[in-house]
Amino acid sequence: MLIETPPTFELASPMYREALIQYDSVAEYVDLDDNIRQRLRHPQRSMVVSFPFRRDDYSEVDTVYGYRVQHLHTMGPTKGGIRYAPDVNIGEVAALAMFMTWKCAIIGLPFGGAKGGVRIDPTTLTRPEKQRVTRRYTSEIIDFIGPHRDIPAPDMGTDAQTMAWIMDTYSQQKGYSVPAVVTGKPPELGGSVARREATGRGVMSLLPAAMAHLGLPLRDTRVVIHGFGNVGRFAAIAGVEMGCRVIAVSDVSGGIHDPAGLDIAKATAWVDEHGTLADYPDADHITNDELFALDCEVLVPAAIQGVLTGTNAPDVKAKVILEGANNPTTSEADAVFKENGIFIVPDVLANAGGVTVSYFEWVQDLQNYFWSENEIVARLREIMGRAFDEVLALSIREGFDMRTAALVKGIRRVGAAKAVRGIYP
Ligand code: NAD
């Protein structure tokens, strides 16, 4: 038995510890070579950069930190989003890179996991400021990324425009256009249609199978969504399209609730105009804590990590939790949900629609041949549906909850690939 190497202090963060707790507890069930089990606890490459950033008014020059972590190079190039947030750190990015490895393996995509971050509050940035931060961060990590090396995508605080600036900066340095260096780009630059909607749509595409498994009807199902950004809003739209009643949504300003079902198109238009749900006129206003405790069948956490905790988990009344956000459930909350018989479709499976359509985008860019929206949506449904069925079958066959089953599936695939590649030199 190998002695476990603790994560180095650079990576020590609540989220990295959480990632290791999950990995260690699941690795127990996977017949992994001990050396491989140990190796997978550590990201392969991590980059920390700092750079100067000048505000528009020339008042000051801040020093900004940026990160990019590549967890695993065994399966192909690495893939994962870039987040802009005031508290992002290397440990959080490393944890998310590890989750990306499992996610890609669960879905069967030819990528290892990566993640990036810039420690800055994106809500304080003007458009030119955000552009400067993005271009400088890209220059700093330029030798670390590439279409056959590591392919970033949007995450919290970044969007299609951010990806366009990364693609342009990378292409300017290379001397020719390299659309496949990032995914989640605008369609004008080789971005895939339906990428923006993909994560939210993918999350909800698993609901019919989850309800059928539990013997519950889909029609009129009450859905509550925490977070009304990219993932939350498209999950809400997809929910309404499939005949569910979306009774509450929330964002950083708080939540809105209508037991008869919200007008999602109206709420979306309100946020587009006013920035947040605050002061939305046609529903009751509730706090985010109250939202978690609402009477409903389905809860979709789609905002940030660590929001379902040992404290609020006992109040959750939903029968199904579809994890749209990455890592929304702490291990304490997970234990409570297990105890209460709540069926969880874990993040590594539920929110994989984004990286799946990103994979489609990358393939299309490399081939310079673009698919129709119908083809993309159909292939997304097929891949997500198959992964869900396989994870559910494994969970029934081997007696695991869905999170453990998903991780077992992903870690087995990675372990097998590592074993046949062997050690260099
Ligand atoms: P986003 O920035 O578009 O939206 C985030 C939403 O969460 C906003 O409505 C914001 O107001 C809200 N929010 C932030 N802090 C909150 C808080 N404390 N309480 C309540 N609401 C809060 O981000 P996104 O792209 O929708 O990502 C959301 C989550 O989904 C993240 O965990 C992200 O890593 C994950 N994810 C995103 C994608 C994708 O394709 N965008 C793919 C996979 C996973």
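What you see is a predicted model, and the numbers here were worked out from it, not measured in a lab.

### A short note on the sheet that holds strand β12 (residues 343–345)
If you walk across this open sheet you meet the seven strands as β9-β8-β7-β6-β10-β11-β12, and the pairing is mixed. Edge positions in the sheet fall to β9 (284–286) and β12, since each has one partner strand and no second. Adjacent strand axes in the sheet meet at a mean angle of 20 degrees when their direction is disregarded. Alignment of strand β6 (residues 222–226) against strand β10 (residues 298–301), held across four bridges, turns out to be parallel. Each bridged residue has a counterpart across the sheet, and for Ile225 the counterpart in β10 is Val300.

### Thoughts on the site of the ligand
The environment of the ligand is made up of 22 residues, and the closest members are Asp155, Thr199, Asn230, Val231 and Asn326. Between the ligand and Asn230, the relevant distance is 2.9 Å, taken from an oxygen atom to a main-chain nitrogen or oxygen of the residue. Note that an oxygen atom of the ligand is positioned 2.9 Å from one of the backbone N or O atoms of Val231. In isolation the ligand exposes 820 Å². Once the protein is present, 81% of that is buried. Taken together, the elements giving at least two residues each to the shell around the ligand come down to α6 (195–205) and α8 (230–241). Both domain 1 (9–177) and domain 2 (198–350) contribute no fewer than three residues apiece to the shell around the ligand.

### Details of the packing of helix α4 (residues 127–140) against helix α5 (residues 160–174)
For the pair α4 and α5, the least separation of the axes is 9 Å and the interaxial angle reads 45 degrees. The angle between α4 and α5 places the two elements in the oblique class. Considering only the axes of α4 and α5, their crossing is right-handed. Contacts between α4 and α5 involve Arg127, Lys130, Gln131, Thr134, Arg135, Thr138 and Ser139 on the former and, on the latter, Gln161, Thr162, Trp165, Ile166, Asp168, Thr169, Tyr170 and Gln173. Here the residues of the contact of α4 with α5 sort into three nonpolar, eight polar and four charged.

### Quick look at the layout of surface pockets
By volume, the second largest pocket is sized at about 440 Å³. Lining the second largest pocket we find 13 residues, and of these Thr74, Lys418, Gly422, Ile423 and Tyr424 sit closest to its centre. Mapped by element, the contributors of at least two residues to the lining of the second largest pocket are α2 (34–39) and α15 (402–421). When its residues are assigned to classes, the lining of the second largest pocket shows four nonpolar, five polar and four charged.

### Comments concerning unusual backbone geometry
For the bond running from Tyr424 to Pro425, omega is 0 degrees, close enough to zero to count as cis. Despite not being glycine, Ala194 shows a phi value in the positive range, around 75 degrees. Looking at where Ala194 falls in the secondary structure, it is placed in the loop between α5 and α6. For Ala194, a relative accessible area of 8% translates into the label buried.

### Remarks on the domain arrangement of the protein chain
Domain boundaries assigned for the protein chain yield domain 1 (9–177) and domain 2 (198–350). Here domain 1 and domain 2 have C-alpha centroids that lie 26 Å from each other. Between domain 1 and domain 2, the residue contacts involve 14 residues of the former and ten residues of the latter. The junction of domain 1 with domain 2 conceals about 990 Å² of combined surface from both sides, 53% of it contributed by carbon and sulfur atoms. When the area that domain 1 buries against domain 2 is broken down by residue, the three leading residues are Glu18, Phe99 and Lys103, summing to 39%. On inspection of domain 1 and its partner domain 2, the count reaches zero salt bridges. Counting across the domain 1 and domain 2 interface gives three residue pairs in polar contact (both at pLDDT 80 or more). Among the elements of the structure, α1 (14–27) and α3 (90–107) are those that each provide at least two residues to the side of domain 1 that touches domain 2. Take the side of domain 1 that touches domain 2: its biggest share by element is seven residues, from α3.

Parameters and conventions
Residues numbered from 1 in each chain as written. Predicted model: local features only at pLDDT ≥ 70, side-chain atom pairs only at ≥ 80, totals over all residues. Heavy atoms only, no water. Pairing = 2+ DSSP bridges. Helix = DSSP H or I, 4+ residues; strand = E, 2+ residues; numbered from the N terminus. Axes fitted to C-alpha atoms, helices over the stretch in contact; angles between N-to-C directions. Near = heavy atom within 4 Å. Polar contact = N/O pair within 3.5 Å; in protein donor to acceptor, adjacent residues only side chain to side chain. Areas by Shrake-Rupley, 256 points an atom, 1.4 Å probe, with all protein chains shown as cover. Domains from an automatic or database assignment. Parallel < 35°, antiparallel > 145°, perpendicular 65-115°, else oblique. Left-handed = near helix turned anticlockwise from the far one by under 90°. Contact = heavy atoms within 4.5 Å. Nonpolar A, V, L, I, M, F, W, Y, C, P; charged D, E, K, R; others polar. 1 Å grid on protein atoms, 1.4 Å probe; cavity = no way out; pocket = protein on both sides within 12 Å on 5 of 7 lines; lining within 4 Å. Points joined across faces, edges and corners; volume = space filled by probe spheres on them. Buried < 20%, exposed > 50% of the residue type's maximum accessible area, 1.4 Å probe, protein only. Buried area = accessible area lost by both parts, 1.4 Å probe. Salt bridge = Lys/Arg side-chain N within 4 Å of Asp/Glu carboxyl O.

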